[in-house]
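Coordinate analysis (summary)
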Amino acid sequence: MFCYQCQETAKGTGCSIKGVCGKTEAVANLQDLLVFVLKGISIYAVQARELGIVRQDIDQFIMESLFATITNANFDKARFVELIRKGLSLREEMKQEILKAGGVIPANLHESATWTAATVEEFEQKAAKVGVLATENQDVRSLRELLTYGLKGMAAYLEHAVTLGYHDPSIFGFMEKGLAAVTNDSLSADELVALVLEAGKYGVEVMALLDKANTSTYGTPEVTKVNIGVRNNPGILISGHDLKDLEELLKQTEGTGVDVYTHGEMLPAHYYPAFKKYPHFVGNYGNAWWKQDKEFDSFNGPIFLTTNCLIPPKDSYKGRLFTTGVVGYEGVQHIPERKNGQAKDFSALIELAKKCPAPTEIETGEIVGGFAHDQILAVADKVVEAVKSGAIKRFFVMAGCDGRMKSRDYYTEFAKVLPADTVILTAGCAKYKYNKLDLGDIGGIPRVLDAGQCNDSYSLAVTALKLKEVFGLEDINDLPISYNIAWYEQKAVIVLLALLHLGVKNIHLGPTLPGFLSPNVAKVLVENFGIGGITNVEDDLKMFMGA
Ligand code: SF4
Ligand code: SF3
């Protein structure tokens, strides 16, 4: 195996024996083979699209499969075998559609479009040969993987929008174009760079689509205080990013005496009006994903993972863990998909919850969030005034992911030393590094403004664009906004590419730069976009404040 798609990759260069995330060699290889098969399907899908043929089921298969390969989503070997089998058969169907429409299948297609096999042994043999290292040139490999990881993040966000009934054929089209492109040896480095940047454009579009899906379905996020303590009833803990799963769980638990708590990236669900009406939707339990091995233990009741980030479960709570959608882990109960428009069935979780003790309290108090674009724009006058009067000197976008590494304490320290006339704009699970610090407010504007999940980084971009307009500036980079972003998995890659597309420069990425950036590709990002890493709190603060 060789995997370097996330920030915690072994030695910053690549996991080659077992994933730091817990992914086994067998699963890592099968994920590579699945992506290989998706590339083959995409080669046909691009040709089919030119002939006016679109197969929605195939588009969605590609999207879901890409999502399943993101960090901490699925560790279940059998699931990948099943997806590879289905992929091979859909690839054949796509090919037949082209032939039926009078299309001609070109000779010398990439192997991903022609290779086929049926047994798990054959899959495993092939899987070991089609991974990241199959591309020999370091820079080409780096660009191909950068694009692929951006597509994985895009697929994840698109899946949430599609679940809520929001589609955009052009995003599917780009995903397939990108996957087909990474098989094309005749593309130059410049052409690959152009595709990476184009991914950023679709990154903005997919986040806008998801924003529309979420707000049209569940209302506009409101400034909300979220309880972080517990009550005495049994509870179900829901984690991940899928709001539809939450909606159905809340409906089915109503009146059962079972409370519902959020964990990790589900925290922002509390900001949506549609979920406020449930009195048994109690609060948020715990912190970011990587603390789940302790927090799932002390929660005492069933835990429901709707998307990443899952970590290999401890035996002490494995029997209380449930997955759904693209998430999976061998031996963990999986809630099946919706059929014929029917809701998922959560009765197993509810019955189990009733037999479990109430959660053990690990914290008390409240945190505040819900500062998505509408809320910030509603107080835009106040914000503009505060900037003009000098009460707010600078905004710091500190969005992205949290993670295990000790070096991420940097972000807590950084938040603590930021001058009192600065405001943090956050989104994603990165917020847990500073959302429980008492950083106060500036004339009623809290110093940590949480927009929501990582996809709500879009909200931060909308806010920046609006401020640019209000201040009558030509360039988004003339705003008093600095970007000190923490990344971990591939959704952060698409968020980064989206910000680059919007023209944001001088983004600092930490705690380390991606292992998949070759020195030359990193140089392109530094020279064209001023991307940088982080050093230490003191020096970085001086640098950001322009001292
Ligand atoms: Fe390693 Fe990250 Fe890949 Fe897991 S996802 S195998 S930790 S690089
Ligand atoms: Fe976190 Fe996994 Fe990225 Fe959605 S839950 S931000 S890491």
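Residues numbered from 1 in each chain as written. Chains lettered and ligands numbered in written order. Predicted model: local features only at pLDDT ≥ 70, side-chain atom pairs only at ≥ 80, totals over all residues. Heavy atoms only, no water.

1. A word on the sheet that holds strand β15 (residues 508-510)
- Pairing is parallel in the open sheet, where five strands are placed in the order β13-β10-β9-β14-β15. Every interior strand has two partners, whereas the edge strands, β13 (448-450) and β15, have only one. Going across the sheet, the axis of each strand differs from the next one's by a mean of 20 degrees, ignoring polarity.
- In this sheet, strand β10 (residues 422-426) lies alongside strand β9 (residues 394-397) in parallel orientation, the contact comprising four bridges. The residue of β10 that forms the bridge with R394 is T422.
- Of the strands in this sheet, β9, β10, β14 (481-486) and β15 touch helix α15 (residues 409-417), which is tilted by about 155 degrees from β14. (Pairing = 2+ DSSP bridges. Helix = DSSP H or I, 4+ residues; strand = E, 2+ residues; numbered from the N terminus. Axes fitted to C-alpha atoms, helices over the stretch in contact; angles between N-to-C directions. Contact = heavy atoms within 4.5 Å.)

2. Some thoughts on the packing of aromatic side chains
- Under the defined criterion, the tally for this structure stands at 23 aromatic pairs.
- Ring centres of F275 and F281 lie 6.4 Å apart, and the angle between their planes is 75 degrees; on these two criteria the pair is classed as edge-to-face.
- F275 gets classed as buried once you look at its relative accessible area, which sits at 1%.
- Three or more aromatic residues joined by ring pairs make a cluster, and in this case those are F2, Y4, Y149, W487 and F516. (Phe/Tyr/Trp six-rings, centres within 6.5 Å; stacked < 30°, edge-to-face > 60°. Buried < 20%, exposed > 50% of the residue type's maximum accessible area, 1.4 Å probe, protein only.)

3. A word on the packing of helix α3 (residues 77-100) against helix α4 (residues 120-127)
- Running from N to C, α3 and α4 point in directions that differ by 90 degrees, and their axes come no closer than 11 Å. Viewed along their axes, α3 and α4 adopt a mutual orientation that is roughly perpendicular. For the pair formed by α3 and α4, the contact residues are K77, V81, I84, R85 and L88 on the first element and V120, F123 and E124 on the second.
- Across the contact of α3 with α4, the residue classes break down as five nonpolar, no polar and three charged. (Parallel < 35°, antiparallel > 145°, perpendicular 65-115°, else oblique. Nonpolar A, V, L, I, M, F, W, Y, C, P; charged D, E, K, R; others polar.)

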